[in-house]
Amino acid sequence: MTATVRVAPEDGSDATAPARPVPRRPSRPATSRPSSWYLLPAALFFGVFAAFPLVLVVFLSFTSWEGIGDPALIGLDNWVRLVGDARVLDVVGTTLLLTVLGWATQTPIALLLGVWAAGPQRNRAILSSIFFLPLLLSSAAVALMWSRLLDPYFGLAAEFGPFQNILGTPSGALAAIVFVTGWQFIPFHTLLYQAAARNVPKVLYDAATIDGATRWHMFWYITLPQLRNTIITSSTIMVVGSLTYFETILLLTNGGPGTSTYTVPFEMYIRGFRSFEFGYASAIATVLVVVATAISLIIVKFSGFAKMRSTMEGM
Amino acid sequence: MTVVSDVSVSGPVSTPPKERPNRIAGVFAAIWLVIVGVPIYTMVSWSLQERDDFLDNGPVALPSAITLENFTEVVTGGFARYLLNTVIVTVACVVLTLAVAIPAAYAIVRSTSWLSGFAFRIFLLGLAIPAQATIIPLYLIINRMQLYDSLTAIILPTVAFGLPLSILVLAGSLRDVSNELYDAMTIDGAGPFRILWQLVVPMSRGSIAAVGTYAALGAWNQFLFPLILTQNPDLRVLTLGLQRFRQEFQINLPGMMMAVMLTALPVFVLYLVARRWLIAGLAGMGSR
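Here is what the cut-offs are and how they apply
Residues numbered from 1 in each chain as written. Chains lettered and ligands numbered in written order. Predicted model: local features only at pLDDT ≥ 70, side-chain atom pairs only at ≥ 80, totals over all residues. Heavy atoms only, no water. UniProt positions renumbered as here; feature names shortened; annotations may be inferred. Helix = DSSP H or I, 4+ residues; strand = E, 2+ residues; numbered from the N terminus. Patch = residues over 30% accessible without salt bridge, like charges linked within 9 Å, V, L, I, M, F, W, Y side chains within 5 Å. Areas by Shrake-Rupley, 256 points an atom, 1.4 Å probe, with all protein chains shown as cover. Salt bridge = Lys/Arg side-chain N within 4 Å of Asp/Glu carboxyl O. Lys, Arg positive; Asp, Glu negative; His and termini not counted. Charge placed at Lys NZ, Arg CZ, Asp CG, Glu CD. Contact = heavy atoms within 4.5 Å. Buried area = accessible area lost by both parts, 1.4 Å probe. Polar contact = N/O pair within 3.5 Å; in protein donor to acceptor, adjacent residues only side chain to side chain. pLDDT = per-residue confidence, 0-100. Phe/Tyr/Trp six-rings, centres within 6.5 Å; stacked < 30°, edge-to-face > 60°. Buried < 20%, exposed > 50% of the residue type's maximum accessible area, 1.4 Å probe, protein only. Lys NZ or Arg CZ within 6 Å of the ring centre and 35° of its normal.

A. How the structure looks around the UniProt feature "transmembrane region" (unreviewed entry) in chain A. Within this structure's numbering, the places UniProt gives as "transmembrane region" (unreviewed entry) are residues 37-62, 96-118, 125-146, 166-186, 231-252 and 278-300 of chain A. As annotated, residues 231-252 of chain A has a helix share of 86% and a strand share of 0%, and its two end C-alpha atoms lie 29 Å apart.

B. Just a negative patch on the surface, in detail. Residues and elements named next belong to chain B. Negative charge collects at one region of the surface, where Glu 50, Asp 52, Asp 56, Glu 69 and Glu 73 lie side by side. Elements with a minimum of two residues in the negative patch: helix H3 (51-57) and helix H4 (69-110). Within the element layout of this structure, Glu 73 appears in helix H4.

C. Just the interface of chain A and chain B, in detail. Between chain A and chain B, the contact holds 111 residues from the first and 124 residues from the second. Taken together, both faces of the contact between chain A and chain B bury some 10,300 Å²; the carbon and sulfur share is 75%. At the boundary of chain A with chain B, the tally comes to 1 salt bridge. Across the pair Arg 144 of chain B and Asp 70 of chain A runs a salt bridge whose closest N-O atoms are separated by 3.1 Å. For the pair chain A and chain B, the interface holds 9 residue pairs in polar contact (both at pLDDT 80 or more). It is helix H2 (residues 40-60) of chain A that contributes the most residues to the side of chain A that touches chain B, 14 residues altogether.

D. Spotlight on the environment of Ile 66 of chain B. With respect to the helices and strands, the residue Ile 66 of chain B is situated in the loop between H3 and H4. Taking C-alpha positions, Ile 66 of chain B is 5.5 Å from Gln 49 of chain B, a pair spaced 17 residues apart along the chain.

E. Structural view of the confidence of the model for chain B. All names here are of chain B. Mean pLDDT over chain B stands at 84; residues scoring 70 or higher make up 90%. Confidence, read as mean pLDDT per element, is least for helix H1 (residues 2-13) in chain B (37) and greatest for helix H11 (residues 224-229) (95). This stretch, residues 1-18, has a pLDDT under 50; its non-local contacts, to residues over four places away or in other chains, come to 17 contacts.

F. Main features of the packing of aromatic side chains. For the structure on display, the rule yields 24 aromatic pairs over all chains. When the centroid spacing of 4.9 Å and the interplanar angle of 40° are considered together, the rings of Trp 65 of chain A and Phe 278 of chain A count as tilted. Pair noted here: Trp 65 of chain A is in the loop between strand E1 (63-64) and strand E2 (72-73) and Phe 278 of chain A is in helix H14 (residues 278-302), with a separation of 213 residues, a long-range link. Like Trp 65 of chain A, the residue Phe 278 of chain A is buried in the burial classification. With a centroid separation of 4.9 Å and 85° between ring planes, the pair formed by Tyr 262 of chain A and Phe 266 of chain A is classed as edge-to-face. In this structure Phe 266 of chain A comes out as buried when scored by relative accessible area, which is 0%. Within the aromatic cluster, the residues linked to one another by ring pairs are Trp 65, Phe 246, Tyr 262, Phe 266, Tyr 269, Phe 273, Phe 276 and Phe 278 of chain A together with Tyr 139 and Tyr 148 of chain B. Over the ring of Tyr 280 of chain A we find Arg 81 of chain A; its NZ or CZ atom is 3.7 Å from the centre of that ring. In this arrangement the basic side chain of Arg 244 of chain B is found over the ring face of Phe 245 of chain B, its NZ or CZ atom lying 5.5 Å from the centre.

Below, the structure is given as structure tokens:
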């Protein structure tokens, strides 16, 4: 009884800062709190299979290892080789090209579709549920489905002349990867924009309508600025995603024709698991970690996880 | 949270009738419908035709006769085995993820130790780790643990990489549980474990469902870990099985399409019966 009386005012003050756990208050009878042991299983899983490999990959980049026996330290050899490797430069170039093209095609389409799907009409809800169908397929399934659809002899591509041999030319294969990854991921980004567009306060549009604004003006001066944070979140997810495409490359083009669609993760996989140069592949992986981490830290910095969560709630 | 749901509910209702139809966006949406719809239609239509019919009809025509021959061929061609492996991996991943993430989120929100704040920041940073970059050290670690070429080898890292987002989502929803409820249970004499079981779990059912779906999708669609951590044909999961079907059905496009479609069928059923959790889970998937 005494405890309840004492607790009430504290809760009132807590309500103003709900995000933080209650600070320790030694004077009051202890509330049951979990010990840090509750963290242990998660910490073990994460430590052994996610955090430790991240450290180990940096270590392995200073070794030579062919997959059997122990990795042997060879100092900076892999790194010296990496800096002078023209193919790695090519591969990085291809990855960045795919990233830029992917962003430049996916963002406007997802933005427009998301804003459209956020509208009130009933048919939009039905159409949206069709739009999201690609999300139900795994990356492997999407890549394999398209590799058959783009089959030059029997596929859809055979019906449409200019696309018949799209996977046979370097620029065609790159375009196919941009298209297929767009087909797969635009629905996800559309979801983000749809949720965000629904949260734009209606009064802004009402006020603009009274002022005689055109639809274009409303989109440009109300919708876009209101979606600014979502554009940042979505773009960052897109960019980090494109840096790590793997299944699509392996199953759609297998890096070809030639090495024209090799990306950084694919090059790392080939060097490691096909040529058994695990040390050198680890150096490539380290580069990938550094770039992806830098960009992901920008996600956390610009958008913050809390906002990401509220975006999910909005669905 | 309340604000979000309020707006999305009131949005459609308060639409003024004066709104003009947006033709440009409508045309644009119709184009996207074709881009999404035609491949999906083609996949379904191919998979239901005999190979000879498919060659006669061409890729876009309606099937002239519907057959389940491809279905039989895929199912007897090893699909059942791959499905079983994937189901084992998926169930194990969901159970382990929840068993490990719920107590961790509970400790992060309720424990006053510095460790919990530290762990929270580590998991936040963990969101940034690209799984692709860790496959070589993982291969080494799994080999040294004598786990190479087992389903366990797939399960453990898959759980680990799903944990950061799972824990952050669960911690977010746990923060909404009011202190009064914790205090009330303490007065009733409940220890931390009973509070976890009788208060925390029931109060965060929604997030648990979303996190469970997210873990299930991650495991179901996993390709890279099975590719590098197993080699035994009997341990192939569906995604790897698809890769093999491609080699086997080199010219049997309908058979290949049936296989692709069947791997997505369970997810499609989930989409029909639990759309909300699925979308929440997918939102997590895409952000990885």
